Amino acid sequence: MRELDLLAVDLETTGLDPSRHQILSIGMIPVRGLAIELGGARQFLVRPAGTAGVGPSATVHGITDDVAAGAAPLEQVLPEVLAALEGRVLLAHHASIEVGFLTRACRDRGLSVPDLTVVDTVRLQRRVLRRGHVHSQVAEDDLALGAARRHLGLPRYHPHDALTDALACAELYLAQVAALGEDLTLRQLLR
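These notes cover the structure that comes with them. (Residues numbered from 1 in each chain as written. Predicted model: local features only at pLDDT ≥ 70, side-chain atom pairs only at ≥ 80, totals over all residues. Heavy atoms only, no water.)

### Things to note about the environment of Phe-101
Argument step 1. Relative to the helices and strands, Phe-101 is located in helix H4 (residues 95-108).
Argument step 2. When the C-alpha positions of Phe-101 and Ala-8 are compared, they lie 15 Å apart, and in sequence the two are 93 residues distant.
Argument step 3. Contact partners of Phe-101, with chain neighbours within four places excluded, come to Leu-11, Thr-13, Gly-15, Leu-16, Asp-17, Pro-18, His-21, Gln-22 and Ile-23. (Helix = DSSP H or I, 4+ residues; strand = E, 2+ residues; numbered from the N terminus. Contact = heavy atoms within 4.5 Å.)

### Overview of the nonpolar core
Argument step 1. Counting residues in each nonpolar core, the largest one holds 24 residues, and the members touching the most others are Val-9, Ile-23, Ile-26, Val-81 and Leu-85.
Argument step 2. Contributing elements (two or more residues each) for this core: strand S1 (5-13), strand S2 (23-32), strand S4 (42-47), helix H3 (74-85), strand S6 (89-92) and H4.
Argument step 3. In this structure, Ile-23 is in contact with Leu-11, Glu-12, Thr-13, Val-46, Leu-74, Phe-101 and Ala-105, ignoring residues within four places of it in sequence.
Argument step 4. Counting residues in each nonpolar core, the second largest holds 19 residues, with Leu-91, Val-128, Tyr-173 and Leu-189 among its members. (Core = buried A, V, L, I, M, F, W, Y, C linked by side-chain atoms within 4.5 Å. Buried < 20%, exposed > 50% of the residue type's maximum accessible area, 1.4 Å probe, protein only.)

### Regarding unusual backbone geometry
Argument step 1. Positive phi, close to 60°, is recorded for His-94, a residue that is not glycine.
Argument step 2. Turning to its location among the elements, His-94 is positioned in the loop between S6 and H4.
Argument step 3. Phi is positive for His-160, close to 70°, though the residue is something other than glycine.
Argument step 4. When you line up the elements, His-160 lands in the loop between helix H6 (145-151) and helix H7 (162-180).
Argument step 5. Judged by its relative accessible area of 37%, His-160 is partly exposed.

### Some points on the pairing of S1
Argument step 1. Among the nine residues in S1, eight count as buried, and that is most of the element.
Argument step 2. Pairing geometry for S1 and S2, over nine bridges, is antiparallel. Paired with Ala-8 across the strands is Ile-29, a residue of S2.
Argument step 3. For S1 and S6, the ladder comprises three bridges, and the chain directions are parallel. Considered in S6, the bridge of Leu-7 is made with Leu-90. (Pairing = 2+ DSSP bridges.)

Keep in mind these values describe shape, not function.
Below you can see the structure in the form of structure tokens.
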């Protein structure tokens, strides 16, 4: 794990269904081994395609139609994101969301879908919460990014900003690796 190159990624979207909703913001922060590389942090605002705009999702992430209208189209941003992911493991909280949206974005634009290796901090948090308990159930609320961070003593951040959430995920990952210690193998980490 000390040699693993990851890229913490968070997306803000107009909803949770990649077949109907769009990416509005992408935050990325490299993690090399057990160090977060803040100098490599990047955030992209993305202009939604078509005329639908951001819709009611603005109440969640605060990205308004006016702000989104001045952003770059996903066609321009996506190659930079894919280049940053090359040779790295995707690190995300509820990684299926990021994987689903990135996969759909590539397919819709005729780009090859990257074969992503993924670390999902939700899966790791389940392990943290179940540690020492054979059959314990974990409540979904306990797996939320803020709740997982609180459980491990990390500070509270204002949610739903892609770059802040990518940093929050990266910090959570490091805390989870420390909490699980020798109970965590590289094979268990990756999916």
